[in-house]
Amino acid sequence: MLPNVLQIAIFWSVQVSALLVFVVPFRWAFIGLWAGSHFLRAVGLTLAFHRYFAHRAFKMHRAARFAWAFIGTAAMQKGPLWWAGHHVNHHKFADRDGDPHSPMVSGVYYAHIGWFLNDTKYDKVEATNPVIRDFAPVPEIAWLEKYFYVPPATLAAALFLAGGWPWLVWGFCLPTMTLAHATFAINTINHMFGSRRFETVDESRNNPLTAFFAVGEGWHNNHHRYQRAARNGFYWWEFDVTWYVIRAMAAIGLAWDLQAVPKRIYDEARASKARRATRSIPSIIDAAPLALDLAEDAEPV
Ligand SMILES: [Zn+2]
Ligand SMILES: [Zn+2]
């Protein structure tokens, strides 16, 4: 691992470097470069780091696993096992002591960025963590974990060689910044703002905006209720790009054993929707006589 001071300096340099979009020449095609780099690496993070390494939501071909893990590592969010191992702890202690990033426990700044900049010397994932136990022995994954700075450096160098500063800024600096916040927002926004279909013990919420920028991860209350599913959008209208990619991989034989959302979870969603609907009706009926009573009390005697 690199020394922590260097990591913090690199992290903030990349964040600030996104401002260079105002300095380099602009072309509309650069928006496409930003989108490609942001969304492709977002799928790498969610498909490989999150749904595969942390949650085992499906199985995939070894070469595809390495390719997606490499693309995810290019997002500059440290190694796949560090990322997924901490995420397992997030679910284990969700919004209680022990959660590595909870706005309820440690405040919004720490949950968004602070935790990510912790000194890697002390902020290791424990050896008994299932992610480390099962994937650290895989040589190509252990290599990515150790040399986590190689994929982002390779991407940055390739973009610079292909198109100079404008390509580096629009294809690496800006999307690396936006992707960092799209990912971190799941830990903060999705534990503060949005709707709660399921009454989970944590503060997780569903939010379509974060679902868009984090390719499906914004259906976070669904996900906290049933982590194992390969999809986070539980209904067709809850768009989940990562789920579409997993399905496409399954169609060509690169992924299999996709974990479905069980019927009992859908039943629970229906029951809680019905409960919410019936709960609001008596409150409206109750309100009318209460208002009348108050009016009558106000009458002069
Ligand atoms: Zn969460
Ligand atoms: Zn998760």
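Residues numbered from 1 in each chain as written. Chains lettered and ligands numbered in written order. Predicted model: local features only at pLDDT ≥ 70, side-chain atom pairs only at ≥ 80, totals over all residues.

### Description of the overall build of the protein chain
In terms of regular secondary structure, the protein chain is built from 13 helices and two strands. Considered along the principal axes of its C-alpha atoms, the protein chain spans approximately 85 × 45 × 40 Å. Residue burial in the protein chain is summarised as follows: out of 301 residues, 38% are buried. Expressed as a percentage of contacts within the protein chain between residues at least 6 apart in sequence, the contacts between residues at least 24 apart total 66%. (Helix = DSSP H or I, 4+ residues; strand = E, 2+ residues; numbered from the N terminus. Buried ≥ 20, exposed ≤ 12 C-beta atoms within 10 Å, placed from the backbone. Contact = placed C-beta atoms within 7 Å.)

### Looking at unusual backbone geometry
Unlike most non-glycine residues, K78 shows phi in positive territory, near 65°. Among the residues examined, K78 registers 20 C-beta atoms within 10 Å and is labelled buried. Located in the positive-phi region is D95, a residue other than glycine, with phi close to 60°. Here D95 is to be found in the loop between α4 (80-92) and α5 (103-106).

### Quick word on the environment of H101
Note on placement: H101 falls in the loop between α4 and α5. Residues H101 and K263 lie 162 residues apart in sequence; the distance between their C-alpha atoms is 31 Å.

### Re the packing of helix α2 (residues 29-54) against α4
The geometry of α2 relative to α4 is characterised by a closest axis approach of 9 Å and an angle of 55° between their N-to-C directions. The pairing of α2 with α4 is recorded here as oblique in orientation. Where α2 crosses over α4, the two elements pack in a sense that is right-handed. Side by side, α2 and α4 meet where A48, F49, H50, F53 and A54 of the first sit next to P80, L81, W83, A84, H87 and V88 of the second. (Axes fitted to C-alpha atoms, helices over the stretch in contact; angles between N-to-C directions. Parallel < 35°, antiparallel > 145°, perpendicular 65-115°, else oblique. Left-handed = near helix turned anticlockwise from the far one by under 90°.)

### Quick word on the domain arrangement of the protein chain
Each assigned domain of the protein chain is listed with its residue range as follows: domain 1 (4-258) and domain 2 (262-301). A C-alpha centroid distance of 41 Å is found between domain 1 and domain 2. The interface is formed by five residues belonging to domain 1 together with four residues belonging to domain 2. Each residue belonging to the side of domain 1 that touches domain 2 can be placed in one class, and the counts come to two nonpolar, no polar and three charged. (Domains from an automatic or database assignment. Nonpolar A, V, L, I, M, F, W, Y, C, P; charged D, E, K, R; others polar.)

### Structural notes on the nonpolar core
Ranked by size, the top nonpolar core spans 55 residues in total, and within it F53, L81, A84 and V131 carry the most contacts. Elements with a minimum of two residues in this core: α2, α3 (62-73), α4, α7 (130-135), α8 (139-146), α9 (150-187) and α12 (241-251). In terms of residues, this core owes the most to one element, α9, which gives 14 residues. If sequence neighbours within four positions are ignored, A84 has contacts with F49, F53, A54 and V131. (Core = buried A, V, L, I, M, F, W, Y, C linked by C-beta atoms within 7 Å.)

### Quick word on the environment of F93
Among the structural elements, F93 can be located in the loop between α4 and α5. Sequence-wise, F93 and D202 are 109 residues apart; in three dimensions their C-alpha atoms are separated by 8.8 Å. Beyond its immediate stretch of four places on either side in the chain, F93 contacts G98 and D99.

### As for α4
A rise of 1.5 Å per residue sets the reference length of α4, with its 13 residues, at 18 Å; its end C-alpha atoms lie 18 Å apart and thus fit the reference within 8%. Taking burial as the measure, the 13 residues of α4 include 10 buried ones, the bulk of the element. Its buried side turned inward, α4 meets α2, α3, α7 and α8. (Expected span 1.5 Å × (residues − 1).)

### Concerning the environment of A127
Tracing the sequence through the fold places A127 in the loop between α6 (108-112) and α7. When the 9 C-beta atoms within 10 Å are taken as the criterion, A127 is described as exposed.

### Digging into the packing of α3 against α8
Packing of α3 against α8 brings their axes to within 11 Å, and their N-to-C directions diverge by 5°. Between α3 and α8, the angle is such that the two are roughly parallel. In this structure, α3 contributes F66, A69, F70 and T73 to the contact, and α8 contributes E140, I141 and L144. When grouped by side-chain class, the residues that make up the contact of α3 with α8 number five nonpolar, one polar and one charged.

### Side note on the confidence of the model for the protein chain
Taken over all residues, the pLDDT of the protein chain has a mean of 90, while the share at 70 or more is 91%. Between residues 284-296, whose pLDDT stays under 50, and residues either more than four places distant or in other chains, the model counts zero contacts. (pLDDT = per-residue confidence, 0-100.)

### Describing α12
Buried within α12 we find T242, W243 and I246. When α12 is viewed along its axis, its buried side chains cluster within an angular range of 100° and face the same direction. Along α12, exposed side chains directed more than 90 degrees from the buried face belong to A248 and A251. The inward-facing, buried residues of α12 abut α2 and β2 (255-256). G253 lies just past α12 and shows a positive phi near 85°. (Arc of directions from axis to C-beta.)

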